[in-house]
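If you want the building blocks of each chain, they are given just below.
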Amino acid sequence: MGDHSTGLESLVNLITGQIPDIYVTSIRIGKNEEEDIFNSYFMNVNDQVDMVCQMLSDDPKLAKGFNFLGFSQGGQFARAVVQRCSLPVANLITFGAQHQGVFGFPRCPGSNETLCNLVRKMLSYGAYEGFVQDHVVQAQYWHDPNKEETYREKSIFLADINNEREVKQRYKDNLLKLEKFVMVLFTKDSFVQPIESETFGQYAPGQSSKVLPMEETELYKSDRIGLKTLNEQGKLKNYTVIGDHLKFTHEWFINTIVKNYLV
């Protein structure tokens, strides 16, 4: 949200510094940085997922398999690509993703206050109104625990990839093909409410104070997308970083992510 693909260059350099012959590509939605930023707020996420599916399928350097890293909302978008597309993804790694959605929009990234305020107004107007769902990215993973039925019925993105209306078996099957599904949670995250969404926790239905850990959610217990199976197979890995949203050290990234999952 509010970032662009070239903003990941420092991480690309960290990876290539450890693995010189590795191929790394960053996904951009739009013709330039300005469009990439704008589309992170105002574009149908399902269209974005379709674009990325095609983009990755057309890249011959990825044909034999690759690791997929998703940062912030890019994490749940990357997961949607894995679930919906037939791509040879080995490890899916998400950082501060909102896998169970958000119910709150506490801070804006960088200098994007104007766009953020517009998004807030749209969410306040009605996150589940058709126009807002179709055009406001953050509305498409807005998960109001006080309106669970409305969320399941109206959410055009998150409720679908979490199999909350119907169980699409290929979504589950594709996740189960992963070697590892890695999630990173930031303990002092000031962008995500609730923070536990970063590891599939969510507010208990009907209120917005008690948060259920992943293992106590219906999504996990019913194994709708395969989380329980992945966990039992030892394929589900969670890491906790003490700090704000996406605030990790280069040393941590190299030792924890690069050396364990990218080499």
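About the criteria used
- Residues numbered from 1 in each chain as written.
- Predicted model: local features only at pLDDT ≥ 70, side-chain atom pairs only at ≥ 80, totals over all residues.
- Heavy atoms only, no water.
- Pairing = 2+ DSSP bridges.
- Helix = DSSP H or I, 4+ residues; strand = E, 2+ residues; numbered from the N terminus.
- Axes fitted to C-alpha atoms, helices over the stretch in contact; angles between N-to-C directions.
- Contact = heavy atoms within 4.5 Å.
- Buried < 20%, exposed > 50% of the residue type's maximum accessible area, 1.4 Å probe, protein only.
- 1 Å grid on protein atoms, 1.4 Å probe; cavity = no way out; pocket = protein on both sides within 12 Å on 5 of 7 lines; lining within 4 Å.
- Points joined across faces, edges and corners; volume = space filled by probe spheres on them.
- Nonpolar A, V, L, I, M, F, W, Y, C, P; charged D, E, K, R; others polar.
- Disulfide = S-S within 2.5 Å.

(A) Summary view of the sheet that holds strand S2 (residues 89-95). With respect to topology, four strands assemble into an open sheet ordered S1-S2-S3-S6, the strand pairing being parallel. Edge positions in the sheet fall to strand S1 (66-71) and strand S6 (236-241), since each of these pairs with one other strand and no more. Averaged over all pairs of adjacent strands, the angle between strand axes in this sheet comes to 15°, irrespective of strand direction. Pairing analysis gives six bridges linking strand S3 (residues 180-186) to S6, with the strands arranged parallel. Bridge pairing in S6 places Val182 opposite Lys237. Sitting on the sheet, helix H4 (residues 73-84) is in contact with S1, S2 and S3, with an inclination near 145° to S1.

(B) Highlighting unusual backbone geometry. Cis geometry is adopted by the peptide bond preceding Pro194, which originates at Gln193 and carries an omega value of -5°. Mapped onto the fold, Pro194 is located in the loop between S3 and strand S4 (202-203). Phi is positive for Asn163, close to 55°, though the residue is something other than glycine. Take Asn163: it is sitting in the loop between helix H8 (158-161) and helix H9 (169-176). With relative accessibility at 2%, the residue Asn163 sits in the buried group. Positive phi, normally seen in glycine, also occurs at Leu246, with a value near 60°.

(C) Structural detail: the layout of surface pockets. Counted as a void, the second largest pocket has a volume near 160 Å³. Listed by contribution, the elements that provide at least two residues to the lining of the second largest pocket are helix H7 (148-154) and helix H10 (218-221). For the lining of the second largest pocket, the residue count by class is three nonpolar, three polar and six charged.

(D) Fine view of the pairing of S3. Most of S3 is tucked away, with six of its seven residues classed as buried. With five bridges connecting them, S2 and S3 associate as parallel partners. Residue pairing across strands places Thr94 opposite Met183, the latter belonging to S3.

(E) Representation of the state of the cysteines. Inspection of the entire model under this criterion finds one disulfide. Between the sulfur atoms of Cys53 and its disulfide mate Cys85 the distance is 1.6 Å. Of this pair, Cys53 sits in helix H3 (residues 45-57) while Cys85 sits in the loop between H4 and S2, placing them 32 residues apart in sequence. An identical accessibility class is assigned to Cys53 and Cys85; each is buried.

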